[in-house]
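Here is how the chains run, residue by residue.
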Amino acid sequence: MASSASVSVTVLDVNDNSPEFTQREYGARLNEDAAVGTSVLTVSAVDRDANSVITYQISSGNTRNRFSITSQSGGGLISLALPLDYKLERQYLLTIAASDGTRQDTAQVVVNVTDANTHRPVFQSSHYTVNVNEDRPVGTTVVVISATDEDTGENARITYLMEDSIPQFRIAAETGAVTTQMELDYEDQVSYTLAITARDNGIPQKSDTTYLEILVSDVNDNAPQFLRDSYQGSVYEDVPAFTSVLQVSATDRDSGLNGRVFYTFQGGDDGDGDFIIESTSGIVRTLRRLDRENVPLYSLRAFAVDKGVPAKRTPVEIQVTVLDVNDNPPVFERDEFDIFVEENSPIGLVVARITATDPDEGTNAQIMYQIVEGNIPEVFQLDIFSGELTALADLDYETKAEYVMVVQATSAPLVSRATVHVRLRDANDNSPQLKNFEILFNNYITNRSGSFPGGVIGRIPAHDPDVSDSLTYAFEQGNELNLLLLDPRSGDLRLSPALDNNRPLEAVMRVSVSDGVHSATAQCTLRVTVITDEMLSNSITLRLADMSQERFLSPLLSRFLEGVAAVLATPRHRVVLFNIQTDTDVGTARILNVSLSVLLPGAAGHGPRFFSSEELQERLYLNRSLLAAISAQRVLPFDDNICLREPCENYMRCHCLALHPEHCYPGTASSALHAMLYVPGTASLALHPMLYIPGAAWYCIPGTRPG
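As recorded by an unreviewed UniProt entry, the protein chain carries the name Cadherin egf lag seven-pass g-type receptor 2 and is attributed to Limosa lapponica baueri. UniProt annotates the protein chain under Subcellular location (unreviewed entry) with the comment "Membrane".

What follows is the structure, encoded as C-alpha cells:
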C-alpha cells in the first residue's frame, strides 16, 4: 500500500555556533557614590544556534566583587554590587563571558570610577592650642592649620575660614595660615578660641571644623602702677623706731614674675635713712626717732619694681609730715637779764618784755610766763602771755636798788627759768643826811717832834641815799679860826697845827653838805682834851667782849661813859677815854681794848687828881655787872698782858704796830688815840670806818720791861 505520507524532517540544531558579543569592548563611567544596584551597562551577545540560551558572567577584573551581572532580555546587565571607593580603585577592567552552555565568548568592559565628593576635609585634631608672645608684631604667623580630603580634584581643594570674626586674627583661605592683624595684649585678653572650618569645593561641599586656642604669652611690657599718684602720711615725732607710717601699693598687669612687685627706696630718697619700706608689703616705717624741729616734712621717693627681665620700675612721691609733740622746753634768750629802770618810774610802766621761744608748734609752742621767786612783796607783774614786766609799786633806789627775780616760762609740762635783775638807776631825789657829831682830840703833849696828827683824821659823817650824787662840804659858821681844815669835795678833816698846845678847847661849828640840789646842816663840836703823863700813869684798859671799834664809837660810846661814871660816882665829863684798839692776840674773838683814866671828884691843887689804876681796876671789876647793865657791853676780866699794864715807863720808847693800816692816816700811828669822830645816838659810823682813827699797839724794846 502505498501510502503517502508527509514526512517532516526536522533538522535538529546542534550547538555548533558560539555566542558572539556585539561589541568587543564596552566602556562605562560610574560615580563612586553610585548606589548599590545602579545599572552600569548592558552587554549583549548573539548565538546562531537555535534555541540557544546565553548566560553572562564576570569572569575577571571584579575586584572586591564591586559589580554583578544578570541576564536580562538576552543581554547581560552589569550592576553595582558594592559601594565604590575612588581612593581604592579608580578603574575596573571587567571580562564578561557570554556562554550558551558549551561555547562562550568574552568581551571587555572598562568601568571608570569617577570621584564623587564622598570625603569631607578632616583636621588632624578637633582642638589645637598654640602660644604666641604678646609683643609679636602685626602680621606674625601664629600657626598654619590644615585639613586633608581624600577626594581629588575640586573635591579635594580645601578653603579655610573663621566662623567668627575676631579682629585680632585672620586666616589665609588657601593655606590655613593664622596671622595677627592687631597688636596683642596679654593684660587685655590672655587667650582666644577660633572656630576654623575647612571646606572642599565639591558638589555638594563638605567641611570640617576645628577649634584653635591661641594662648597669649605674657612678656614684661608693663611697668608697675601705683594705686595713687602720690602718698601722704603723718607721724608724731616721738614714736619709736619701726613705727608704720603709711602703705603704698602698686599692681603690674603682667603675670608671673613679670607681674610680681616689690618696693624699695634704692635709687630714691629715704629721708637720709630715717625711713625704710618693706619690700613685700609696701609699708613705710620709721627707722629711728624723728625730730620735727629739725625736719618737719619729708619728701620721699620710692620705687615699685617687678621681677621681669629686664625689670621695670615706677617711682612715687611720698610726703611724710612730722607731727609735733611737746618735747622742747621754752628757751630764754639768755639765762640772766639785766634791766635798768629809772627810779620813781610811774606805776604800771612796762619796764621790759621777757620772752622765750619754743621750737615746737601749735599749742605745744604756747608759752605762759610767771614770776616764781623774788617778787615778795609783789612789786612787779609778769603778763602770763606777753611776758611784759610791769611795775606795780613805787620804785625807790634808796629803798631797794636791785630786784632779783626768777621768771619761769611754761609749755606744760616743760619749763625753763631765767634770772631777771631789775636795777634801778638812781635819781637825785633825796637830800644828804647829816647829824650832829663831835670830834674828840686827845692831845698828848710831848717833846717829840712830829707827833701832832697832821693828816686826815676823818670825814664829815654825811650820807646821801642817792649813790650817784656828788657831795660838797663847807663850814657855815664857828670855824672862823680854821681850827679844822676841810676838803670841800671829799669831806676829809684835818686838825689845825694851832691846836698843838696844852690848852683844852671846845668849839661849836655848823657844817653844811650839798648834793647840788638838796642840802643839810648839822652841828660839829670839837673837844680838845690834853693827855698828860699823870693820866697815862693812872689809866687802865678794859676788855669788851664781842665788840668792834665801829659799834663802840656809835652808839655805845655814850652809854659806856655813863656806866663808868656811875660805877665811880663821878660826873661823866671826868672820864677821859684816850685809846681804843682791837685785840689782835685773841684770834677770831672780837675783843676791844678801851684805855681810860678818870678824874677824882673835886680834884684840885697839887694832890692826886686821878683815880689810881689799882682803884679803877678794883672798882670796875667788882661792879662789872652794873657797868654791863648800863653800857650794854660785857666787860671781860683783866688780862695780864704786859702791854696792857699801865703805866709803862717805856711807853714813848716802844715801836708802833698799826692794827688796821687801811684805817690809819699818815702821822697818826705814832701815838695813842689822837682824834675820833663821834656821832651820838647813831649807828651810821659803823658803816664808815674812815670816821675814826684807830689807835696803835706797842711792843717793848728788847731788853726792857714795862714799869
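Participant: Lay out the environment of Val372 with the relevant residues and their values.
Facilitator: Within the fold, Val372 resides in strand β31 (residues 368–373). As for Val372 and Ala409, which are separated by 37 residues in sequence, their C-alpha atoms are 10.0 Å apart. Each residue touching Val372, except ones within four places of it in the same chain, is listed here: Val406, Gln408 and Arg417.

Participant: Kindly report on the pairing of strand β37 (residues 437–444), identifying the contributing residues and their values.
Facilitator: Buried residues dominate β37, accounting for eight of its eight residues. Both faces of β37 are covered, namely the face carrying Phe437, Ile439, Phe441 and Asn443 and the face carrying Glu438, Leu440, Asn442 and Tyr444. Across eight bridges, β37 lies against strand β44 (residues 519–531) in parallel orientation. Looking across to β44, one finds that Ile439 is bridged to Leu526.

Participant: Hey, could you go over the packing of aromatic side chains for me, with residue numbers and the actual values?
Facilitator: Between two aromatic rings, the relevant description is the distance of the centres plus the angle of the planes. In the structure shown here, the tally under the stated rule is ten aromatic pairs. Ring centres of Phe67 and Tyr92 lie 5.0 Å apart, and the angle between their planes is 80 degrees; this geometry places the pair in the edge-to-face category. Pair noted here: Phe67 is in strand β5 (residues 67–72) and Tyr92 is in strand β7 (residues 91–99), with a separation of 25 residues, a long-range link. Since its relative accessible area comes to 1%, Tyr92 is described here as buried. Ring centres of Phe332 and Phe337 lie 6.0 Å apart, and the angle between their planes is 80 degrees; on these two criteria the pair is classed as edge-to-face. Each member of the pair, Phe332 as well as Phe337, carries the same accessibility label: buried. One aromatic cluster is present, formed by Phe226, Tyr231 and Tyr263 through successive ring pairs. A cation sits over an aromatic face here: Arg313 above Phe303, 4.1 Å from the ring centre.

Participant: Go over the nonpolar core, please, and point to the residues and values.
Facilitator: Note on soluble globular proteins: their nonpolar side chains tend to be buried together. Phe552, Phe560 and Val564 are the most contacted members of the largest nonpolar core, which has 28 residues in total. Setting aside chain neighbours within four positions, we find Phe552 in contact with Leu544, Met547, Leu557, Phe560, Leu577, Ile580, Leu592, Val594 and Gln633.

Participant: Can you break down the environment of Asn428 residue by residue, with the values?
Facilitator: Note on placement: Asn428 falls in the loop between β35 (414–425) and β36 (433–434). Since its relative accessible area comes to 28%, Asn428 is described here as partly exposed. Distance from Asn428 to Tyr397, taken between C-alpha atoms, is 10.0 Å for residues 31 residues apart in sequence. Contact partners of Asn428, with chain neighbours within four places excluded, come to Asp466, Asp469, Asp515, Val517 and His518.

Participant: Summarise the environment of Tyr92; cite the residues concerned and give the values.
Facilitator: Here the alpha-carbon distance between Tyr92 and Arg66, two residues 26 residues apart in the chain, equals 9.2 Å. In this view, Tyr92 contacts Gly61, Thr63, Arg66, Phe67, Leu84, Val109, Val110, Val111 and Val113; residues no more than four positions away in its chain are not counted. In this structure the side chain of Tyr92 is engaged in a polar contact, spanning 3.5 Å, whose partner is the side chain of Arg66.

Participant: Run through helix α3 (residues 613–622), naming residues and quoting values.
Facilitator: Within α3, the full set of buried residues consists of Ser613, Leu616 and Leu620. In an axial view of α3, the angular spread of the buried residues amounts to 65 degrees, which keeps them on one side of the axis. Projecting away from the buried face of α3 at angles above 90 degrees are the exposed residues Glu614, Glu618 and Leu622.

Participant: Summarise the sheet that holds strand β1 (residues 20–21); cite the residues concerned and give the values.
Facilitator: Pairing within the open sheet is antiparallel, and its four strands lie in the order β1-β3-β6-β5. The two strands at the open ends of the sheet, each matched to only one other strand, are β1 and β5. Examined bridge by bridge, strand β3 (residues 39–46) and strand β6 (residues 75–80) share five bridges and lie antiparallel to one another. Note on β6: the bridge partner recorded for Val43 is Gly76.

Participant: Residues and numbers for the confidence of the model for the protein chain, please.
Facilitator: For the protein chain, per-residue confidence averages 84 on the pLDDT scale, and 88% of positions sit at 70 or higher. Across residues 641–674 the pLDDT falls below 50, and counting only partners more than four positions away or on other chains, this stretch makes 90 contacts in the model. Across residues 678–707, where pLDDT falls below 50, the model places 101 contacts with residues more than four positions away in sequence or in other chains.

Each value, and the rule that gives it
Each chain has its residues counted from 1, following the order in which its sequence is written. Given that the model is predicted, a residue must reach a pLDDT of at least 70 before its local features are reported, and side-chain atom pairs must reach 80 or more before they are shown or counted; all residues, however, enter totals for whole chains, interfaces and linings. Water and hydrogen atoms were dropped before computing side-chain values, which therefore reflect all heavy atoms in the structure. UniProt positions are given in the numbering used here, feature names are shortened, and annotations may be inferred rather than shown by experiment. Where helices and strands are cited, they refer to DSSP runs of H or I of at least four residues and of E of at least two residues respectively, numbered from the N terminus. Two residues qualify as a contact provided that any one of their heavy atoms is within 4.5 Å of a heavy atom in the partner residue. We call a residue buried when its accessible area falls under 20% of the maximum for its residue type, exposed when it is over 50%, and partly exposed in between, using a 1.4 Å probe and counting protein chains only. Strands qualify as paired when DSSP identifies two bridges or more between them. Only rings of Phe, Tyr and Trp enter the pairing, Trp through its six-membered ring, and a pair is recorded when the two centres are within 6.5 Å. The plane angle decides the type: under 30 degrees is stacked, over 60 is edge-to-face, the rest tilted. In this scheme, the term charge over a ring applies when either NZ of a lysine or CZ of an arginine sits within 6 Å of the ring centre and within 35 degrees of the ring normal. Throughout, nonpolar core names a set of buried Ala, Val, Leu, Ile, Met, Phe, Trp, Tyr and Cys residues whose side chains join them through atoms within 4.5 Å. In protein, a polar contact requires one atom able to donate a hydrogen and another able to accept it; more generally it is a pair of N or O atoms within 3.5 Å, and residues adjacent in sequence count only if both atoms are side-chain atoms. This arc describes the spread of directions from the helix axis toward the C-beta atoms. Looking at any residue, its pLDDT shows the predictor's confidence there, from 0 to 100.

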